[in-house]
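A structural walkthrough
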Amino acid sequence: MSKALVFAEGRGEALKEASLEAIGLAAGLADEVVAVAAGPYASRLEGFADRVLLLNDQRLTHPLAMPCARAMAKAFKKESPDLVILSATPFGKEVAPALGALIGLPLMSDITEVRRDGAALTFVKPLYTGKVMGTYRVERTPLLFSVRPKAYPVPKPGKSTATETFSPAFAEGDFRVSLVELAEKEAGEIDVAEADIIVTGGRGMKGPENFALLRELASVLSEKTGAKVAIGASRSAVDEGWIDHSHQVGQTGKIVSPEVYFAIGVSGAMQHLAGMRNSKLIIAVNKDPDAPIFSVADFGVVDDLFKVVPELVKRLKES
Ligand SMILES: Cc1cc2nc3c(=O)[nH]c(=O)nc-3n(C[C@H](O)[C@H](O)[C@H](O)COP(=O)(O)OP(=O)(O)OC[C@H]3O[C@@H](n4cnc5c(N)ncnc54)[C@H](O)[C@@H]3O)c2cc1C
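All of these numbers come straight from a predicted model, not from anything done at the bench.

Quick notes on the rules
Residues numbered from 1 in each chain as written. Predicted model: local features only at pLDDT ≥ 70, side-chain atom pairs only at ≥ 80, totals over all residues. Heavy atoms only, no water. Buried < 20%, exposed > 50% of the residue type's maximum accessible area, 1.4 Å probe, protein only. Helix = DSSP H or I, 4+ residues; strand = E, 2+ residues; numbered from the N terminus. Pairing = 2+ DSSP bridges. 1 Å grid on protein atoms, 1.4 Å probe; cavity = no way out; pocket = protein on both sides within 12 Å on 5 of 7 lines; lining within 4 Å. Points joined across faces, edges and corners; volume = space filled by probe spheres on them. Nonpolar A, V, L, I, M, F, W, Y, C, P; charged D, E, K, R; others polar. Domains from an automatic or database assignment. Contact = heavy atoms within 4.5 Å. Buried area = accessible area lost by both parts, 1.4 Å probe. Salt bridge = Lys/Arg side-chain N within 4 Å of Asp/Glu carboxyl O. Polar contact = N/O pair within 3.5 Å; in protein donor to acceptor, adjacent residues only side chain to side chain. Axes fitted to C-alpha atoms, helices over the stretch in contact; angles between N-to-C directions. Parallel < 35°, antiparallel > 145°, perpendicular 65-115°, else oblique. Left-handed = near helix turned anticlockwise from the far one by under 90°. Expected span 1.5 Å × (residues − 1). Arc of directions from axis to C-beta.

It is worth spelling out the pairing of strand S5 (residues 51–55) at this point. Within S5, four of the five residues are buried, which leaves the element mostly enclosed by the surrounding structure. Pairing between strand S4 (residues 32–37) and S5: four bridges, direction parallel. When the sheet's bridge partners are listed, Val36 is paired in S5 with Leu53. Of the pairings in the sheet, the one linking S5 to strand S12 (residues 162–166) comprises five bridges and is parallel in character. By the bridge assignment for S12, Val52 is matched with Thr163.

Turning our eyes to something else, we now look at empty space enclosed by the protein. Under the defined criterion, the tally for this structure stands at one cavity of 30 Å³ or more. The space that makes up the largest cavity amounts to roughly 30 Å³. The wall of the largest cavity is formed by Lys185, Glu189, Ile190, Asp191, Val192, Ser246, His247 and Lys254. Here the lining of the largest cavity is composed, by residue class, of two nonpolar, two polar and four charged.

Once that is clear, we can look at the domain arrangement of the protein chain. For the protein chain, the assigned domains read domain 1 (3–166) and domain 2 (192–318). Each partner contributes to the interface: domain 1 provides eleven residues, whereas domain 2 provides 13 residues. For the pair domain 1 and domain 2, the two sides together bury roughly 1100 Å², of which 46% comes from carbon and sulfur. Seen at the junction of domain 1 and domain 2, the total is three salt bridges. In this structure, the salt-bridge partner of Asp196 is Lys150, at a minimum N-O distance of 3.2 Å. Viewed at the interface, domain 2 and domain 1 are joined by six residue pairs in polar contact (both at pLDDT 80 or more). Looking at the side of domain 1 that touches domain 2 residue by residue, the class counts come to three nonpolar, two polar and six charged.

Here Ser19 is to be found in helix H1 (residues 17–29). Accessibility expressed as a relative area gives 0% for Ser19, which makes it buried. If we skip the residues at most four places from it in the chain, Ser19 touches Phe7, Ala8, Glu9 and Ser87.

A word on the pattern of salt bridges. A full pass over the atoms with the stated rule returns 24 salt bridges. A salt bridge links Lys16 to Glu194; the shortest N-O distance between them is 3.0 Å. In this pair, Lys16 sits in the loop between strand S3 (14–15) and H1 while Glu194 sits in the loop between S12 and strand S13 (197–201), placing the two residues 178 residues apart along the sequence. Its salt-bridge partner being Lys317, residue Glu216 comes within 3.0 Å of it at the nearest N-O pair. Placement of Glu216 in helix H4 (residues 211–225) and of Lys317 in helix H7 (residues 305–318) is noted, with a sequence separation of 101 residues between them. Since its relative accessible area comes to 37%, Glu216 is described here as partly exposed.

On to the sheet that holds S4, then. The seven strands are arranged S7-S11-S6-S1-S4-S5-S12 in an open sheet whose pairing can be described as parallel. The sheet is open, and its two edges are formed by strand S7 (107–111) and S12, each paired on a single side. When the angles between neighbouring strand axes are averaged without regard to direction, this sheet yields 20°. Along the sheet, H1 makes contact with strand S1 (3–7), S4, strand S6 (83–87), S7 and strand S11 (143–147), crossing S6 at roughly 155°. This element, helix H3 (residues 90–103), spans S1, S6, S7 and S11 of the sheet and lies at about 150° to S6.

Time to look at the packing of H4 against H7. Orientation of H4 relative to H7, taken along the N-to-C sense of each, is 25°, at an axis distance of 10 Å. Classified by the interaxial angle, the pair formed by H4 and H7 is roughly parallel. Considering the relative orientation of H4 and H7, their crossing is left-handed. Contacts from Leu213, Glu216, Leu217, Val220, Leu221 and Lys224 in H4 reach Leu305, Phe306, Val309, Pro310, Leu312, Val313, Leu316 and Lys317 in H7. Taken together, the residues of the contact of H4 with H7 sort by class into eleven nonpolar, no polar and three charged.

Note that an α-helix has 3.6 residues per turn; residues three or four places apart therefore point the same way. Here H7 contains 14 residues, and its C-alpha end-to-end distance of 20 Å stays within 8% of the 20 Å for a straight helix at 1.5 Å per residue. Among the residues making up H7, those that are buried are Leu305, Val308, Val309, Val313 and Leu316. For H7, the angular spread of buried residues about the axis comes to 130°, placing them on one side. Exposed and oriented more than 90 degrees from the buried face of H7 are Lys307, Arg315 and Glu318. As for H7, its buried residues are in contact with H4, strand S15 (260–264), strand S16 (281–286) and strand S17 (299–302). In this structure Asp304 caps H7, since a side-chain oxygen of it lies 2.8 Å from the backbone nitrogen of Phe306.

Encoded structure:
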């Protein structure tokens, strides 16, 4: 019987949706799915994992990468899984390499597809900032890999889940890094990494006040579709101080793959494309017909965004 060990990420009561996506993928590849969770959000795994190992340690109220990697390493020893899976979220990207070092396994990072191929697994992952997709066939187990958020859907619950307390011995030094401050995002703001639709503004927005246009578009899209809509930004817009860095998409921002990505007043520099070219549908608005963003766009509007966006909002409201 094959087994997958999945790291479930969350804080307080909130479980990261990306962890459910990873669990759904795990359930398609292994007979048993065991999730490791570090807080009350573990109750949200009910119906998704076969078993939950709940880390019951006050020091993990705000999970930190090193103790989580250690706990996963101890769970790996206890469970002897065939597959060890994490989400390639910013936190998962901290935990996964440390875990690889602790358990002596190479990490296949940020994969977007896994297929079973007899006894082997075939992985697909973006390379060279997403310019090409690499396909790898791996025959050995155990295997450690991380999955790009949004590459897989959230599964439907249906399993009966058994939760057990897990109290691994941490090593001296695992808590050398401590949380100093937690700066909450504005209430109700959706993270670009978790959004179904992203409305991104670039330098073409001309100033912070004009992001109100994008917020209006996001709001009507959310109202009409029920999807989670986030505001994204190019690095230029962030560097200008128009919007917080947490919205930045690209090589030095977040890597996203939403259902729909609007690039508005964004030229499409390679560092920006690196973060969004794997979006399922890309819609670009730019007054320059030669802007590189059009080379990756499925739909493009060559016009002034200050004409196009209000018109789009108006039409959506009427629809
Ligand atoms: C190491 C490194 C890392 C980087 N990381 C990132 C990253 O993570 N993310 C990122 O985005 N960039 C990143 N960059 C910067 C990147 O190279 C570009 O400079 C940046 O993406 C450009 O942002 P932009 O498209 O908003 O601005 P611009 O390139 O100035 O483009 C603005 C666009 O708006 C259009 N426009 C202007 N007015 C209008 C209008 N009224 N209507 C319609 N269109 C209009 C213009 O035609 C133009 O195409 C990085 C650069 C380096 C060197």
